[in-house]
Amino acid sequence: DSGVTQTPKHLITATGQRVTLRCSPRSGDLSVYWYQQSLDQGLQFLIHYYNGEERAKGNILERFSAQQFPDLHSELNLSSLELGDSALYFCASSKDRTNEQFFGPGTRLTVL
Amino acid sequence: GDSVTQMEGPVTLSEEAFLTINCTYTATGYPSLFWYVQYPGEGLQLLLKATKADDKGSNKGFEATYRKETTSFHLEKGSVQVSDSAVYFCALIIFSGGYNKLIFGAGTRLAVHP
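Okay, so let's go over this structure. (Residues numbered from 1 in each chain as written. Chains lettered and ligands numbered in written order. Predicted model: local features only at pLDDT ≥ 70, side-chain atom pairs only at ≥ 80, totals over all residues. Heavy atoms only, no water.)

**Side note on the pairing of strand E2 (residues 11-14) of chain B**
Successive side chains on a regular strand alternate, one facing one side of the sheet and the next facing the other. Residues and elements named next belong to chain B. Worth spelling out the cut-off: Burial classes follow relative accessibility: with a 1.4 Å probe on protein chains only, a residue under 20% of its type's maximum area counts as buried, one over 50% as exposed, and anything between as partly exposed. Working definition: helices are DSSP H or I runs of at least four residues, strands are E runs of at least two. Numbering for both runs from the N terminus. In this description, strands pair whenever DSSP reports at least two bridges between them.
The two faces of E2 differ: Val11 and Leu13 on one face are buried, but Thr12 and Ser14 on the other face are not. Relative to strand E12 (residues 108-113), E2 runs parallel, the two sharing four bridges. Note on E12: the bridge partner recorded for Ser14 is His113.

See below:
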């Protein structure tokens, strides 16, 4: 158990819908990272938040957004969902911007 | 740009066989190197790491040595078990633009049979 929690574990929705994925980092970790794992693209970095502020963006679509709240939990919002958005979404946390990252169990999103 | 290349899978072995999963990297600067493991239905777990040249990371019988001259970080285990069946990801982390940029290889699936 890494100490990073993600909810929900599974999510099934339809094209065009909007969903929110939630991540709680390890106690004391200020950084939260979001990743997408799909069969064709592998593991891709989406976005990084540090102590409530966005610090870096990776291959994140404009339809996706994220935020980190004062209690340091983070949410990833996916809108106008397409079939190709079906994937595993992982969140990771680290103590600061330079430390190793600890991964949550992931949320499996299925878009029908 | 920075990248990680690892051998394609699946790798299929019998129990107690020797395992090598090759990993090479391209990076500017001096990255730290990691192996993560993903068991079925679970998230990624850090298996081992090495932060500078010639460092050897080890954990649970797995080892990998940071070879700067060959830009490699091959994963080895002397005797695999069925419980080692998982997907293994080689990764590098480099401090760039004020944050840790973690870059993964494509992953190598290992299947160990009794």
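**Digging into the state of the cysteines**
Spelled out, the test is: The criterion for a disulfide is a pair of cysteine sulfur atoms lying within 2.5 Å.
As enumerated under the stated definition, the model contains two disulfides over all chains in all. Here Cys23 of chain A pairs with Cys91 of chain A through a disulfide, and the sulfurs are 1.7 Å apart. One end of the pair, Cys23 of chain A, is in strand E3 (residues 19-24); the other, Cys91 of chain A, is in strand E9 (residues 87-94), with 68 residues separating them in the sequence. Here Cys23 of chain A falls in the buried class, since its relative accessible area comes to 0%. Judged by relative accessible area, which is 0%, Cys91 of chain A ranks as buried. Disulfide pairing is shown between Cys23 of chain B and Cys90 of chain B; the S-S distance is 1.9 Å. Taking the sign of the S-S torsion, -65° for the link of Cys23 of chain B and Cys90 of chain B, the bridge is left-handed. Taken as a pair, Cys23 of chain B in strand E4 (residues 23-26) and Cys90 of chain B in strand E10 (residues 86-96) lie far apart in primary sequence, 67 residues in all. Across this residue pair, the class does not change: Cys23 of chain B and Cys90 of chain B are buried.

**Observations concerning the layout of surface pockets**
The condition is simple: Of the grid points, spaced at 1 Å and generated over the protein atoms alone, those admitting a 1.4 Å probe that cannot get out make up cavities, while open sets with protein on both sides within 12 Å along at least five of seven lines make up pockets; any residue with an atom within 4 Å of a point is treated as lining. Grid points are joined across faces, edges and corners, and a volume is the space filled by probe spheres set on the points. Side-chain classes follow a simple rule in which Ala, Val, Leu, Ile, Met, Phe, Trp, Tyr, Cys and Pro form the nonpolar group, Asp, Glu, Lys and Arg form the charged group, and the remainder, Gly included, forms the polar group.
Looking at the largest pocket, its volume works out to about 880 Å³. Along the walls of the largest pocket sit 37 residues, with Gln37 and Leu39 of chain A together with Gln38, Val87 and Arg109 of chain B positioned nearest its centre. Listed by contribution, the elements that provide at least two residues to the lining of the largest pocket are strand E4 (31-38), strand E5 (42-50) and E9 of chain A together with strand E1 (3-6), E10 and E12 of chain B. Across the lining of the largest pocket, the residue classes break down as 16 nonpolar, 15 polar and six charged.

By themselves, these figures tell us nothing about what the structure is for.
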